[in-house]
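# Structural characterization, general
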Amino acid sequence: MGRQKRGSGIVSEIDGGVAELLPDDGRPGRWTLLVDGYPQSAVDLDDPSRLDFEYMRRLASIVDGIAPARTPLSVLHLGGGALTMARYVAATRPGSSQRVVELDAALIDLVRRELPLPRGADIRVRAMDARAAVESMSGGRFDLVITDVYRGARVPAHLASLEFVTAAARLLRPGGVYAANLADGTGLAFARGQVATLRRLFADVCLLAEPAVLRGRRFGNVVLAASAAPLPVACFARAGAGDAFPARLVHGDDLDRLVAGARVVTDDVATQSPLPPKDLF
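Residues numbered from 1 in each chain as written. Predicted model: local features only at pLDDT ≥ 70, side-chain atom pairs only at ≥ 80, totals over all residues. Heavy atoms only, no water.

## Notes on the nonpolar core
Ranked by size, the top nonpolar core spans 42 residues in total, and within it Leu76, Leu78, Tyr178 and Leu207 carry the most contacts. Ranked by residues supplied to this core, first place goes to strand β10 (residues 172-184) with 5 residues. Of all hydrophobic cores here, the second largest spans 28 residues; its members include Met56, Ala60, Val177 and Val223. (Core = buried A, V, L, I, M, F, W, Y, C linked by side-chain atoms within 4.5 Å. Buried < 20%, exposed > 50% of the residue type's maximum accessible area, 1.4 Å probe, protein only. Helix = DSSP H or I, 4+ residues; strand = E, 2+ residues; numbered from the N terminus.)

Have a look at this one:
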């Protein structure tokens, strides 16, 4: 099929399927990326600090909470999409050094061509499997590692194990933070297993999600944060509570109760995250 115009949008074959870039007719510079029909990212080229997807705002609250405003950070993004979070960090923390790993080289080419990165931003993008990249890097390089990798609408199994998180944790500087965006539904079995896994490696772990997701009433995003040092959970909680779609922070004893009985996930038992309901999007 190659690259085609469809109305005011752009449709292109990529390595992992078909990507669509859809403009917002009411707001110039705003684009939404879909892969095989699933919304992946939303970008505002005129204001990269504006984040339309609520899970991106959860991740942004982690960025904003771990160091004083406008302090440059060294960040590794596992999963690229439209490079929304890398653009956010570049806009809000000038001078940051960022590395992005995205498996789909054709998607990288499409995004960089149609949605150019801001000039002067230190953002380097590499086409590679996230786990292979993590295992090949030298340790102690990053203040923050963000895992936001999906194949279709599911987190791959090889990025949901103790072995993978151990490799990612090795890349953090002392006091650095690991964050992950997951999707789960009734019972939160996948997310609970991921929390148990992070707790094997990190002294402090928390979770952010909408109350309806936590109660199992609907499928949705769950954002995790973990560190060897105490997390700024009060900052995360304030940001979540003040969001247009409020999120609840789960930490400490509340997190103990939520994940009671969940087991650490290793490579031999790891699974993909569950499929979302067909009518979710």
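Structure's up, so let's keep going.
## Some remarks on the pattern of salt bridges
By the definition in use, this model includes 16 salt bridges. One salt bridge connects Arg199 with Asp256, and the closest N-O pair in it is separated by 2.8 Å. In this pair, Arg199 sits in helix α6 (residues 189-201) while Asp256 sits in helix α9 (residues 252-259), placing the two residues 57 residues apart along the sequence. Using a relative accessible area of 31% as the deciding quantity, one classes Arg199 as partly exposed. According to the relative accessible area criterion, Asp256 is partly exposed, its value standing at 37%. Through salt bridges with shared partners, a single ionic network connects Arg27, Arg30, Asp44, Arg50 and Asp52. (Salt bridge = Lys/Arg side-chain N within 4 Å of Asp/Glu carboxyl O.)

## A short note on the packing of α6 against α9
Contact geometry of α6 with α9 gives a least axis separation of 9 Å together with a crossing angle of 125°. Accordingly, the angle class assigned to the pair α6 and α9 is oblique. Between α6 and α9 the crossing geometry is left-handed. Contact with α6, carried on its side by Arg192, Val195 and Arg199, involves Gly252, Leu255, Asp256, Leu258 and Val259 of α9 and no other residues of that element. (Axes fitted to C-alpha atoms, helices over the stretch in contact; angles between N-to-C directions. Parallel < 35°, antiparallel > 145°, perpendicular 65-115°, else oblique. Left-handed = near helix turned anticlockwise from the far one by under 90°. Contact = heavy atoms within 4.5 Å.)

## Some points on the packing of aromatic side chains
Scanning all chains against the criterion turns up 2 aromatic pairs. Between Phe53 and Tyr55, the ring centres sit 6.2 Å apart and the planes meet at 45°, which makes this aromatic pair tilted. With respect to class, Phe53 is no different from Tyr55; both count as buried. Plain terms: the ring middles of Tyr178 and Phe202 are 6.2 Å apart, the flat faces sit at 15° to each other, and that makes the pair stacked. A residue pair is termed long-range when its members are at least 10 positions apart, and Tyr178 in strand β10 and Phe202 in the loop between α6 and β11 (204-209) qualify at 24 residues. Each member of the pair Tyr178 and Phe202 is classed as buried. (Phe/Tyr/Trp six-rings, centres within 6.5 Å; stacked < 30°, edge-to-face > 60°.)

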